[in-house]
Amino acid sequence: MNAIEKSNSSLYSEDLAPVPLNERSWNTWNYAALWISMSLCIPTYMLSSSLIEGGMNWWQAILTIFLGNTIVLIPMLLNGHAGAKYGIPFPVFARASFGTKGANIPALLRAIVACGWFGIQTWIGGFAMFQMFRLWIPALDTLPQVFPDSFGLETGPAICFFLFWLLNMYVVYLGVDSIRKLLVFKAIFLPVAALALLLWAISEANGLGPILETPSKFTNTTDFFHFFFPALTGMVGFWATLSLNIPDFTRYAKSQKAQIKGQIIGLPPSMTLFAFVGVVVTSATTIVFGTTIWDPVVLAGKFDSKLLVSVAMIAVAISTLATNIAANIVSPANDFANFAPSKIDFRKGGYITGIIGILIFPWKLIADPSGYIFTWLVGYSSLLGPVGGIMIVDYYFIRKQQLELADLYHEHGIYRFSNGFNKNAIAALLLGILPNVPGFLTTIKVVGDDVFPAWVSGLYHYAWFVGFTISGLIYWILMKKKT
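Calculation criteria
- Residues numbered from 1 in each chain as written.
- Predicted model: local features only at pLDDT ≥ 70, side-chain atom pairs only at ≥ 80, totals over all residues.
- Heavy atoms only, no water.
- Helix = DSSP H or I, 4+ residues; strand = E, 2+ residues; numbered from the N terminus.
- Rg over C-alpha atoms; globule rule 2.2 N^0.38 Å.
- Buried < 20%, exposed > 50% of the residue type's maximum accessible area, 1.4 Å probe, protein only.
- Contact = heavy atoms within 4.5 Å.
- Lys, Arg positive; Asp, Glu negative; His and termini not counted.
- Charge placed at Lys NZ, Arg CZ, Asp CG, Glu CD.
- Patch = residues over 30% accessible without salt bridge, like charges linked within 9 Å, V, L, I, M, F, W, Y side chains within 5 Å.
- Areas by Shrake-Rupley, 256 points an atom, 1.4 Å probe, with all protein chains shown as cover.
- Salt bridge = Lys/Arg side-chain N within 4 Å of Asp/Glu carboxyl O.
- Axes fitted to C-alpha atoms, helices over the stretch in contact; angles between N-to-C directions.
- Parallel < 35°, antiparallel > 145°, perpendicular 65-115°, else oblique.
- Left-handed = near helix turned anticlockwise from the far one by under 90°.
- Core = buried A, V, L, I, M, F, W, Y, C linked by side-chain atoms within 4.5 Å.
- Nonpolar A, V, L, I, M, F, W, Y, C, P; charged D, E, K, R; others polar.

Quick question: what am I supposed to make of the overall build of the protein here?
Across its full length, the protein carries 23 helices and zero strands. Expected size for 483 residues packed as a compact globule is a radius of gyration near 23 Å; at 23 Å, the protein falls within 12% of this value. Taken along the three principal axes of its C-alpha coordinates, the protein extends 65 × 50 × 45 Å. Looking at the protein residue by residue over its 483 residues, the buried ones come to 55%. Sequence-distant contacts in the protein: of pairs separated by 6 or more residues, those separated by 24 or more amount to 84%. Looking at charge distribution, the protein has the averaged site of its 29 positive side-chain charges lying 11 Å from that of its 24 negative ones.

Sorry, what's going on with a nonpolar patch on the surface here?
Taken together, the side chains of Trp 59, Leu 63, Phe 66 and Leu 67 define a hydrophobic patch exposed on the protein surface, amounting to about 370 Å² of accessible area. Looking at the element boundaries, Leu 67 is found in helix α4 (residues 58–86). Residue class for Leu 67 comes out partly exposed when judged on its relative accessible area of 33%.

Could you clarify how one ought to interpret the packing of α4 against helix α14 (residues 256–289) in this entry?
The packing of two helices is summarised by the inter-axis angle and the distance between the axes. Remark: α4 packs on α14, axes separated minimally by 9 Å, with the N-to-C direction vectors making an angle of 160°. Classified by the angle between their axes, α4 and α14 sit roughly antiparallel to one another. In this structure, α4 meets α14 at a crossing whose hand is right-handed.

Honestly, the nonpolar core in this entry has me stumped. Any pointers?
When a protein is soluble and globular, its nonpolar side chains tend to lie buried together. Ranked by internal contacts, the top residues of the largest apolar core, which has 135 residues, are Leu 51, Trp 117, Trp 239, Tyr 372, Trp 376 and Leu 403. At 15 residues, helix α19 (residues 369–398) tops the list of elements feeding residues into this core. Excluding anything up to four places from it in sequence, Leu 403 contacts Tyr 86, Ile 88, Phe 93, Ala 96, Tyr 395, Leu 408 and Tyr 415. Ala 111, Phe 336, Ala 340 and Ile 344 belong to the second largest nonpolar core, which has five residues in total.

Sorry if this is basic, but what is going on with the environment of Lys 101 here?
You can see Lys 101 is positioned in the loop between α6 (95–98) and α7 (104–136). Between the C-alpha atoms of Lys 101 and Ser 418, which are 317 residues apart in sequence, the distance is 9.7 Å.

Honestly, the pattern of salt bridges in this entry has me stumped. Any pointers?
A side chain with one charge may pair with a side chain of the opposite charge, provided their charged atoms come close. Across all of its chains, the model carries three salt bridges by this definition. Between Arg 134 and Asp 141 there is a salt bridge, with the nearest N and O atoms lying 3.0 Å from each other. Arg 134 gets classed as partly exposed once you look at its relative accessible area, which sits at 28%. When the shortest N-O distance is used, the salt bridge between Arg 399 and Asp 394 registers 2.9 Å. Note on accessibility: Arg 399 and Asp 394 belong to one class, buried.

Is there a simple way to explain the packing of helix α8 (residues 155–174) against helix α17 (residues 346–359) in this structure?
Two numbers describe how α8 lies on α17: the axes approach to 9 Å, and their chain directions differ by 165°. For the element pair α8 / α17, the angle class is roughly antiparallel. Of the two elements, α8 crosses α17, and the hand of that crossing is right-handed. Along its contact with α8, which presents Phe 161, Phe 162, Trp 165, Met 169, Val 172 and Tyr 173, the element α17 presents Phe 346, Arg 347, Gly 350, Tyr 351, Gly 354, Ile 355 and Ile 358. Grouping the constituent residues of the contact of α8 with α17 by class yields ten nonpolar, two polar and one charged.

Spatial relationships are all this shows, so hold off on functional conclusions.
Given below as structure tokens:
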């Protein structure tokens, strides 16, 4: 470790250093527990309920989620191999393919996406606070509008959002250790809350029968597949970030077997089971209220008991706070710190994450299912899919799983490429992103549907797959030519 540390201090820090073999203590059940904890969150519930709102019936939604998580498990395991073998985190692993400086490109792409997730979780927590406060302070519901209509933001929810944002920033100031007890609370509360919602849905809808008999809104196969493929891409995109930075966790694995078995046991089953709760409860709302309510916070706000709603909303806020810090602050904060180790520490990185999380307008991203799936999940998968393709091709087909560990921390080592940048990786990344741009611009209404040929804009429905395949293939060709 000393040789690596002394080789170049600008590429080395204690956070980025390889984890020694004797300090790798995570076993199979640690990884299973990690995924169960990360899967049990409000966005997972909303993921499944958004498919019901979009028109699927219960088994179509569950099948889509299971397929998406099984597919994303593959790059998760492939990228996790390097972390477990060499004890290195994602930003360091990316240096092998993108270069010692170029690795900041995928690291920042991933960080910005995590900032978006931070914003979404903060909005969920803030809206939960609003649902509680409005019961005790009715005037909060009728405050004069201070934001322009284009913001799509009412004053009451905005105040609660910013208060919850400040609470998150205070936890960043205190440090990550302060969140441990909240994570324990979350691990206990969310499964209990999910079970309670499931029992409520079954009771109010007079059993599972009426829920499971709710038909699909798609009247023909064409309409179904037009929704299914971008939805499947969205399901893959849900964990596209983690499929890249999984070495941040597998670097602590006792063995390859531990991380592989743990992730297989933890990811697809827990996502599918918790998604089933979302499917059942959302389907029940259609029967009980006559309209589909896909947001569990909005649903909880419809209960009559002030005390019940208050307890539920406080619990949602606390568990969301725990998830937010653990899943959406730690990684991007480290990525920003990696960009300039001498100037940005974890705390500053956390503040940067918080500011970007506001600027991304999270309340608009989850205002409706189409925005959540087609704009957010599919949109960022078009950026991260190409990165995954490049890193996997580089590690398995170019380097045959062999890395020069010291050179990953050396400014003038073999991963310097051209002034720290691997031009082949950057070219492959851009060419993998490019085909999805027309569809993205069409989806967010920047251009009309008739500007690009239908087949060109239609590629966006498969954004992660298109980017992953094109970038991986182009990178392989360019690197083979080089050698």
